[in-house]
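So the chains spell out like this:
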Amino acid sequence: MLDTSPRKALQLASPAKGLFLGEIRGEALMPFPSIAPVEQETLRFVIESIDKFMADKGEDFRRFDVAGEQPHDYVEELKSLGLFSLIIPEEFSGLGLSNSGYARVLQQTSRYDASTSLTIGAHSSIGMKALLLFGTPEQKAKYLPRLATGELIAAFCLTESGSGSDAASVKTHAVKNADGSWVLNGEKIWITNGGTAGFFTVFAKTEGDGGKMTGFIVEREWPGVSTGPKEDKMGIRASCTTTVRFDNVRVPPECVIGEEGKGFKVAMAVLNNGRTGLGGGCVGAMKRLIELSVAQATQRKQFGKSIAEFQLIKDKIATMTALCFASESIVSVVGHLIDSGSDDFSVEAAMSKVYVSEALWTVADEALQIAGGNGFMREFPYERVVRDCRINRIFEGTNEILRLYIGLSGMKDSGEALKDVARGLKGIFNDPIKGFGILTDYASKKVGQLTPIGRERFTGLAEVLASDTLVFEQGVAKLAQAVEATLSRYRKGIIEQQLATRRVADVAIDLFVGMCVLARVNTLIQERGVGACTDELRVVKVLTNFSRLRISNNLKALHKNADAESFALADSVLTKGGYGWDVL
Ligand SMILES: Cc1cc2nc3c(=O)[nH]c(=O)nc-3n(C[C@H](O)[C@H](O)[C@H](O)COP(=O)(O)OP(=O)(O)OC[C@H]3O[C@@H](n4cnc5c(N)ncnc54)[C@H](O)[C@@H]3O)c2cc1C
């Protein structure tokens, strides 16, 4: 087994951000990370218990979905299985799993029931994450042992009716008393575990409407805390989503979480750090859907053959498999970056959320299609999975907002580099030699990146991966060039150019996923030999083929598109109030 213990990322710069600069920071992913052997042992035990507990509950999960709730006894059983203690350190009676290990557990629960994953995931990924990341020793000692047993279930309270994607605009506010305590007022909506939680992480303005936010720990038992009825949802119906209200709630001074006025930073750190939970869950659901589709495709006969023999069905199975492998790879990398103490993984984490949630959406849709009419019937699991997985593209930051974040954060470093060049050019007149030096370095690096000699290499990969690696390396060079052209064209106005930003982000996502998959398959080749990696090499080919096409289309669309017409058409439809045509 290769040494893949949490280690290097600490010293390494963000591999995803490097792509925007034309840099391939492959060292961060090589050898491909794996879960430490001692943790693997614990995980095997946990996974076996989950299988025993959940595998024959298919009918129950269907009932919970129809009823829109998890019975009390069922949640008690989740507690006794230790599923609320997964990431709590052992010193506080938790299981102390790493982010990667936690993602693997949610993978297993998600094979059976997304609502169960959400109940335990909202508790760990977001509900108590601020306490783990920013809590004082006293706060941890007071709450973590009770959170580990599930005596207290946790919820994360950020969203409000007027504040969704624009999370900084919350109206819930807390006013400080003379004794240092706070009075909290406001209402949060769509809070997962809202009705069952005893521990709330709440974000409120502490300096007036336009001012800064602070995070607070709030207990359900405190006077003035109340929750609304369960929301009637499209999917993940058995999970408990409610409003949470705070009416003149007195919050003791010691319940501020993180620094006063730094609540936005705390909330974003929680969401970034929690992404492997959602990622692991999506991978588990994909694996289950692939199993179901394989059974359906081999058993169902039409035109005298099993439908698995038709090319159109084979293509779906291959695509589903490749998407799942790629998703598992990027989730593993993000888990590793977090576990190894990197403080610059938010772009990778956002990429994983976007990619994996959309991969599951495609896989669920194709699985339903392979099942034909059965797929549409409630008797079968497909329609529930499709309903359940739709939320992944909306919560924990919508995929639109995350794409903007990825594109703009990624381009920031290129913007800085361009500024240096601009400064160097100015300096030409004062200090020609120095100025020309900067210009020559920069220009030769950029021109070089597009040539076979100057192009950055993803080194250390097996020869058998050479042609796919070349596609990836060329893509990285083209991305850097496209970023530079885009920034030169729009300059500060890039902030308003959402389609250009999205295209750049999508290219970077495909490249980063490619990087993760190449690193993973390379490590497998090193471990097992190339002859034992035939299917992995097929996955690489399938992925390279469709990401190459998508990358190429996105890069072309940066220059040649119908954006202006598209915006004008949208404006017209918005003004008309609707579609406006009829055949009558
Ligand atoms: C089942 C469920 C559970 C949830 N659980 C929790 C929870 O536990 N805790 C919590 O705090 N919240 C929770 N949420 C809230 C969730 O995080 C928000 O729904 C999400 O952040 C999106 O906010 P919104 O719904 O107000 O959409 P909006 O922000 O109104 O967005 C609507 C659409 O506009 C797009 N959009 C918005 N701004 C821009 C922009 N600048 N540029 C381009 N497009 C834009 C969005 O991408 C989206 O497509 C939950 C929601 C649901 C449905």
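Here the structure is a predicted model, which is why all the values come from computation and not from measurement. Here, residues in each chain are numbered from 1, in the same order as that chain's written sequence. Totals for whole chains, interfaces and linings use all residues, but because this is a predicted model, local features are given only for residues with pLDDT of at least 70 and pairs of side-chain atoms are given and counted only at 80 or more. For side-chain calculations, the full set of non-hydrogen atoms in the structure is used, while hydrogens and water are omitted.

**Examining the nonpolar core**
Formally: Working definition of a nonpolar core: buried Ala, Val, Leu, Ile, Met, Phe, Trp, Tyr and Cys residues. They are joined through side-chain atoms within 4.5 Å. Partly exposed residues are those whose accessible area sits between 20% and 50% of the maximum for their type, while under 20% is buried and over 50% is exposed, using a 1.4 Å probe and protein chains only. Strands are runs of DSSP state E lasting at least two residues, helices are runs of H or I lasting at least four, and both sets are numbered from the N terminus onward.
In terms of nonpolar packing, the biggest core is built from 95 residues, with Met351, Tyr355, Ile406, Phe458, Leu465, Phe472 and Phe512 touching the most fellow members. Examining the composition of this core, we find that 17 residues originate from one element, helix 18 (residues 498-528), more than from any other.

**Things to note about the environment of Asn273**
One can find Asn273 in helix 9 (residues 263-273). You can call Asn273 buried: its relative accessible area is 9%. Residues Asn273 and Thr534 lie 261 residues apart in sequence; the distance between their C-alpha atoms is 34 Å.

**Focus on unusual backbone geometry**
The phi torsion of most residues other than glycine is negative, and most of the peptide bonds are trans. With an omega of -5°, the peptide bond running from Met30 to Pro31 counts as cis. Here Pro31 shows up in the loop between helix 1 (15-20) and helix 2 (37-54). For Arg491, which is not a glycine, the phi torsion comes out positive at approximately 45°. Structurally, Arg491 can be placed in the loop between helix 17 (466-490) and helix 18. Relative accessible area serves as the criterion here: at 61%, Arg491 is assigned to the exposed category.

**Points about the packing of aromatic side chains**
Quick note on the threshold: Pairing of aromatic rings covers Phe, Tyr and Trp, the last through its six-membered ring, and needs centres within 6.5 Å; plane angles under 30 degrees mean stacked, over 60 mean edge-to-face, and all others mean tilted.
Throughout the structure, instances matching the rule amount to ten aromatic pairs. For the ring pair Phe61 and Tyr74, a centre distance of 5.9 Å and an interplane angle of 80° mean the geometry is edge-to-face. On the criterion of sequence distance, the pair formed by Phe61 in helix 3 (residues 58-67) and Tyr74 in helix 4 (residues 72-80) is long-range, its members being 13 residues apart. In terms of burial, Phe61 and Tyr74 fall into one category: buried.

**Observations concerning the side chain of Glu396**
Note the threshold: Charge counting follows a simple rule: Lys and Arg are positive, Asp and Glu are negative, and His as well as the terminal groups are ignored. We define a salt bridge as a side-chain nitrogen of Lys or Arg found within 4 Å of a carboxyl oxygen belonging to Asp or Glu. Contacts were defined at the residue level, with two residues in contact if any of their heavy atoms lie within 4.5 Å.
Structurally, the position occupied by Glu396 is in the loop between helix 14 (382-389) and helix 15 (399-430). Buried charge Glu396 goes without a salt bridge, the closest partner of opposite sign being Arg275 at 4.3 Å. Residues contacting Glu396, with those up to four places away along its chain left out, are Ile126, Leu271, Gly274, Arg275, Leu278, Lys353 and Leu402.

**Some words on the site of the ligand**
The condition is simple: For this purpose, a residue is taken to be near a molecule or strand whenever a single non-hydrogen atom of the residue falls within 4 Å of it. Polar contact is defined as a pair of N or O atoms within 3.5 Å, subject to the rule that within protein one atom must be able to donate a hydrogen and the other to accept it, and that residues adjacent in sequence are counted only when both atoms are side-chain atoms. Note on areas: Shrake-Rupley, 1.4 Å probe, and residue coverage restricted to the protein chains presented here.
Close to the ligand lie 19 residues; Phe156, Thr159, Ser165, Trp190 and Thr398 are nearest. Between the ligand and the protein, one listed contact pairs an oxygen atom with a side-chain N or O atom of Ser165 at 2.6 Å. Protein contact buries 67% of the 980 Å² of open area that the ligand shows by itself. Those elements that provide at least two residues to the shell around the ligand are strand 3 (182-192) and helix 15.

**Description of the packing of helix 11 (residues 311-339) against helix 12 (residues 346-370)**
The following threshold applies: Lines fitted to the C-alpha atoms define the axes, with helices restricted to the stretch that makes contact. Angles between their N-to-C directions range from 0 to 180 degrees. Angles below 35 degrees are treated as roughly parallel, those above 145 as roughly antiparallel, those between 65 and 115 as roughly perpendicular, and all remaining angles as oblique. Note: crossing handedness is left-handed where the near helix turns anticlockwise from the far helix by less than a right angle, and right-handed where it turns clockwise. Three categories are distinguished: nonpolar for Ala, Val, Leu, Ile, Met, Phe, Trp, Tyr, Cys and Pro, charged for Asp, Glu, Lys and Arg, and polar for the others, with Gly belonging to the last.
The contact between helix 11 and helix 12 brings their axes to 9 Å, and the two run at 155°. The pairing of helix 11 with helix 12 is recorded here as roughly antiparallel in orientation. Considering how the two elements wind past one another, helix 11 and helix 12 form a crossing that is left-handed. For the contact of helix 11 with helix 12, the class distribution of residues is 17 nonpolar, four polar and three charged.

**Comments concerning helix 2**
Side chains of residues three or four places apart in an α-helix project in the same direction, reflecting 3.6 residues per turn. Note the following rule: A helix is expected to reach a length of 1.5 Å times the quantity of its residues less one.
Between its first and last C-alpha atoms helix 2 spans 25 Å; for 18 residues at 1.5 Å apiece the expected length is 26 Å, and the two agree. At its buried positions, helix 2 is contacted by helix 3, helix 4, helix 5 (99-112) and helix 6 (114-127).

**Some points on the environment of Asn522**
Within the secondary structure, Asn522 is located in helix 18. Residues Asn522 and Tyr382 lie 140 residues apart in sequence; the distance between their C-alpha atoms is 34 Å.

**Brief notes about the packing of helix 11 against helix 18**
One can describe the packing of helix 11 onto helix 18 by two numbers: an axis separation of 9 Å at closest approach and a directional angle of 90°. When the axis of helix 11 is compared with that of helix 18, the two are roughly perpendicular. For the pair helix 11 and helix 18, the contacting residues are Phe325, Ala326, Glu328, Ser329, Ile330 and Val333 in the first and Phe512, Val513, Cys516, Val517, Arg520, Val521 and Leu524 in the second.

**As for the pairing of strand 4 (residues 199-205)**
Every other side chain in a regular strand lies on the same face of the sheet, so the side chains alternate between the two faces. Threshold: In short, DSSP must find at least two bridges between two strands for them to pair.
The element strand 4 is extensively covered by neighbouring structure, given that seven of its seven residues are classed as buried. In this sheet, strand 4 lies alongside strand 1 (residues 154-157) in parallel orientation, the contact comprising four bridges. Residue Ala154 lies in a different strand from strand 4, and its bridge partner there is Phe199. Pairing analysis gives seven bridges linking strand 4 to strand 5 (residues 213-219), with the strands arranged antiparallel. When the sheet's bridge partners are listed, Phe199 is paired in strand 5 with Glu219.

**Notes on the pairing of strand 3**
Relative to strand 3, strand 2 (residues 173-176) runs antiparallel, the two sharing four bridges. When the bridges of strand 3 are listed, Val175 appears paired with Val183. Here strand 2 folds back onto strand 3 in antiparallel fashion, the turn holding five residues, of which Gly180 has a positive phi close to 90°. By the bridge criterion, eight bridges tie strand 3 to strand 7 (residues 241-251) in an arrangement that is antiparallel. Counted as the bridge partner of Val183 is Arg250 from strand 7.

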